[in-house]
Amino acid sequence: QVQLVESGGGLVQAGGSLRLSCAASGTIFVIDAMGWYRQAPGKQRELVAAITNGGSANYADSVKGRFAISRDGAKNTVYLQMNSLKPEDTAVYYCNADIDGYLGYLEVWGQGTLVTVSS
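About the thresholds
- Residues numbered from 1 in each chain as written.
- Predicted model: local features only at pLDDT ≥ 70, side-chain atom pairs only at ≥ 80, totals over all residues.
- Heavy atoms only, no water.
- Phe/Tyr/Trp six-rings, centres within 6.5 Å; stacked < 30°, edge-to-face > 60°.
- Lys NZ or Arg CZ within 6 Å of the ring centre and 35° of its normal.
- Buried < 20%, exposed > 50% of the residue type's maximum accessible area, 1.4 Å probe, protein only.
- Helix = DSSP H or I, 4+ residues; strand = E, 2+ residues; numbered from the N terminus.
- Pairing = 2+ DSSP bridges.
- Salt bridge = Lys/Arg side-chain N within 4 Å of Asp/Glu carboxyl O.

1. Describing the packing of aromatic side chains
- Scanning the model with the defined rule gives 1 aromatic pair in all.
- Sitting above the plane of the Tyr-79 ring, Arg-19 keeps its charged end 4.1 Å from the centroid.
- Taking NZ or CZ as reference, Arg-45 lies 3.8 Å from the ring centre of Tyr-94, over its face.

Next up, the structure:
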């Protein structure tokens, strides 16, 4: 069974930085796109950043210039470096990946990690 496990969330003051990690495990043949979404209380889940297996990245307008997504293919891991954090970045952050594995091609979600930015 393929799983995504996130880490790196926590409490940080406005202006600070955090780095999220998400590692995929299980019987994996190929990982296509990987990404980070977030969901704030009372709001819909939204795309924060995504990266293809070729390294092309795209970002939500609200995080451009502050966040950077990267991946390590050898470790099946995607990262989100978050700088200049703002209180409005407070949310549960979810990792997402399109994975071709033992059970076929699946869209897989992590369990989420909470990021809280205090003002």
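2. A look at the pairing of strand β11 (residues 113-118)
- Burial along β11 is one-sided: Thr-113, Val-115 and Val-117 are buried, and none of Leu-114, Thr-116 and Ser-118, which face the opposite way, are.
- Two strands pair when backbone bridges link them, and strand β2 (residues 10-13) and β11 are joined in this way by 4 bridges, in the parallel orientation. Counterpart to Leu-11 in the pairing with β11 is Thr-116.
- Where strand β9 (residues 91-101) meets β11, 3 bridges bridge the pair, whose relative direction is antiparallel. Bridge pairing in β11 places Val-92 opposite Leu-114.

3. Notes on the pattern of salt bridges
- Within the structure shown, the criterion is met by 4 salt bridges.
- Arg-38 is paired through a salt bridge with Asp-89; the nearest N and O atoms lie 2.9 Å apart. Of the two residues, Arg-38 sits in strand β4 (residues 28-39) while Asp-89 sits in the loop between β8 (77-82) and β9, which places them 51 residues apart along the sequence.
- Looking at Asp-89, the relative accessible area reads 0%, which means it is buried.
- Of the charged contacts, one joins Arg-66 and Asp-89 as a salt bridge, the two residues approaching to 2.7 Å between their closest N and O atoms. Here Arg-66 is found in the loop between β6 (57-59) and β7 (67-72), whereas its partner Asp-89 is found in the loop between β8 and β9, with 23 residues between them in sequence.
- Accessibility expressed as a relative area gives 10% for Arg-66, which makes it buried.
- Where salt bridges share partners, they join Arg-38, Glu-46, Arg-66 and Asp-89 into one cluster.

So far we have only geometry, and geometry alone does not tell us how the molecule works.
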